[in-house]
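A look at the structure
Letter by letter, the chains look like this.
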Amino acid sequence: MQSKLLFIIVVCIASLAEAQNPFSKEINGVVVSKNKDVAAIHVQNISTKKATITDLNGYFTINANVNDTLVISAVQFKTKQLVVNTNMLQSSLLKIPLEETLTELDEVVVMPYNLSGDISKDVSTLKTKQVVTASTLGLPNAHVKPISKAERELFEATSGGMGIPLNPIINGITGRTKMLKNRVKRNKKYERTQRVRAFYADSLIVSDLKIPEIKISDFMYFCEVDTAFSSVVDTHDHLKIWEFLNKKSVIYRKNNNLD
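Report follows, based on the coordinates. All residue numbers refer to position in the chain's written sequence, counted from 1. In keeping with the model being predicted, local features are shown solely for residues with a pLDDT of at least 70 and side-chain atom pairs are shown and tallied solely at 80 or more, while totals for entire chains, interfaces and linings include all residues. Only heavy atoms go into the side-chain values, all of them from the structure, while hydrogens and water stay out.

Focus on the overall build of the protein chain
- Looking only at helices and strands, the protein chain features 10 helices and 7 strands.
- The 259 residues of the protein chain split such that 29% are buried.
- Only heavy atoms enter the contact rule, under which two residues are in contact if any of them lie within 4.5 Å. In the protein chain, the proportion of contacts linking residues at least 24 apart, taken out of those at least 6 apart, comes to 57%.
- Using a 1.4 Å probe, accessible areas were evaluated by the Shrake-Rupley method; residue-level cover was limited to the displayed protein chains. Only carbon and sulfur atoms are counted for the fraction: they give 58% of the accessible area of the protein chain, which is about 17,900 Å². Strands are runs of DSSP state E lasting at least 2 residues, helices are runs of H or I lasting at least 4, and numbering of each runs from the N terminus. Using a 1.4 Å probe on the protein chains alone, a residue whose accessible area is under 20% of its type maximum counts as buried, one over 50% counts as exposed, and one in between counts as partly exposed.

Here we look at the sheet that holds strand β5 (residues 69-74)
- Ordered in space as β3-β2-β5-β6, the 4 strands form an open sheet in which the pairing is antiparallel. Each of the sheet's edge strands pairs with one partner strand only, and the pair in question is β3 (50-53) and β6 (77-83). Neighbouring strand axes in the sheet, compared pairwise and without regard to direction, differ in orientation by 15° on average.
- Criterion used throughout: strands pair if DSSP finds at least two bridges between them. Pairing geometry for β5 and β6, over 5 bridges, is antiparallel. Within β6, the residue paired with Ala-74 across the bridge is Phe-77. To obtain an axis, a line is fitted to C-alpha atoms, over the contacting stretch when the element is a helix, and the angle between two such axes runs from 0 to 180 degrees between their N-to-C directions.

Regarding the sheet that holds strand β1 (residues 24-32)
- Judged by pairing direction, the sheet is mixed, and its 3 strands sit side by side in the order β4-β1-β7 without closing on themselves. The sheet is open, and its two edges are formed by β4 (59-65) and β7 (94-97), each paired on a single side. Across the sheet, the axes of successive neighbouring strands diverge by a mean angle of 35°, strand direction being ignored.
- The pairing of β1 with β7 spans 4 bridges and is classified as parallel. In the strand pairing of β7, Val-31 is matched with Ile-96.

Details of the nonpolar core
- Counting residues in each nonpolar core, the largest one holds 19 residues, and the members touching the most others are Ile-27, Val-31, Ile-41, Ile-72 and Ile-96.
- Counting only elements with at least two residues in this core, the list comes to β1, β4, β5, β6, α2 (86-90) and β7.
- In this view, Ile-72 contacts Val-31, Ile-41, His-42, Val-43, Lys-78, Thr-79, Lys-80, Leu-82, Ile-96 and Leu-98; residues no more than four positions away in its chain are not counted.
- The set of buried Ala, Val, Leu, Ile, Met, Phe, Trp, Tyr and Cys residues whose side-chain atoms join them within 4.5 Å is what this entry labels a nonpolar core. Counting 17 residues, the second-largest nonpolar core is a separate cluster that includes Leu-209, Phe-229, Ile-241 and Trp-242.

Description of the pattern of salt bridges
- What makes a salt bridge here is a side-chain nitrogen of Lys or Arg within 4 Å of a carboxyl oxygen of Asp or Glu, nothing more. This structure, assessed with the given rule, holds 5 salt bridges.
- Of the charged contacts in the structure, one is a salt bridge between Lys-248 and Asp-226, with a shortest N-O distance of 2.9 Å. A residue pair is termed long-range when its members are at least 10 positions apart, and Lys-248 in helix α10 (residues 238-255) and Asp-226 in the loop between α8 (216-224) and α9 (229-233) qualify at 22 residues.
- We classify Asp-226 as partly exposed; its relative accessible area is 22%.
- In this structure, Arg-253 engages Asp-259 in a salt bridge whose closest nitrogen and oxygen atoms are separated by 2.6 Å.
- Classification of Asp-259 by relative accessible area gives exposed; the value is 71%.

Observations concerning unusual backbone geometry
- You will see that His-236, though not glycine, has its phi angle at about 60°, which is positive.
- Along the chain, His-236 falls in the loop between α9 and α10.
- At Asn-257, a residue that is not glycine, the phi angle is positive and equals roughly 55°.
- Looking at the secondary structure, you find Asn-257 in the segment after α10.

Let's talk about the packing of α8 against α10
- Remark: α8 packs on α10, axes separated minimally by 10 Å, with the N-to-C direction vectors making an angle of 115°. It follows that α8 is roughly perpendicular to α10 by the angle criterion. The crossing of α8 and α10 is right-handed. Residue-level inspection shows Asp-218, Phe-219, Phe-222 and Cys-223 of α8 in contact with α10, the latter providing Phe-244, Leu-245, Lys-248, Ser-249, Ile-251, Tyr-252 and Asn-255. Angular relationships are summarised with four words: roughly parallel below 35 degrees, roughly antiparallel beyond 145, roughly perpendicular across 65 to 115, and oblique for the angles in between. The handedness criterion is simple: a crossing whose near helix is rotated anticlockwise from the far helix by less than a right angle is left-handed, and one whose near helix is rotated clockwise is right-handed.

Right under this line is the structure:
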């Protein structure tokens, strides 16, 4: 009887300790790439043997502890590994950029088209047909940027049909409109961050800013939450943006004991 009671007490204490563990959390993340092909990407916590896949927009949720290793993989991308730290657990959204896998050929044969391999020479001799696009056809609104999925959903949620517009009323009451507005705002801010990430090679951030490659995504999020980030990025001045990143890197390294 005493042994059973002791076993129950041990189990309860262990369960309570696990529930109070501040180093374990459900991570909300999103993977991104230049080609935006981010659906059904495998996200695996190899430490806990748990896995999930991303949705159509690249979002995923997975449980993780500090020092767990996450592996993100897909045929079209280079496999990426991340070691979970406290900053990642505390982030509201973990953003993971992926690099495309490039297929390199050992040899390219150009003889069937009588090409020399020198682009400057071959452009003048190669006869190609004009690429047909909305712009070349002179179609109206050819240069209008299409709205995003989140923007379409927000428009549908706030616009009414024939008769009494029930959609805006229902979505306003349920909080869906507010959620969609926050999603559009978040996506626009994230697109701005991705543009900045594309300006500079990861190797440059590692060598000049002294940010480890595995922490670049977290560093970019650290910069993004600064209220001055948007105005600096909107200048489109690469030198000014780099100066901003350089100043933020000093603070980030100090906060994370990287120096």
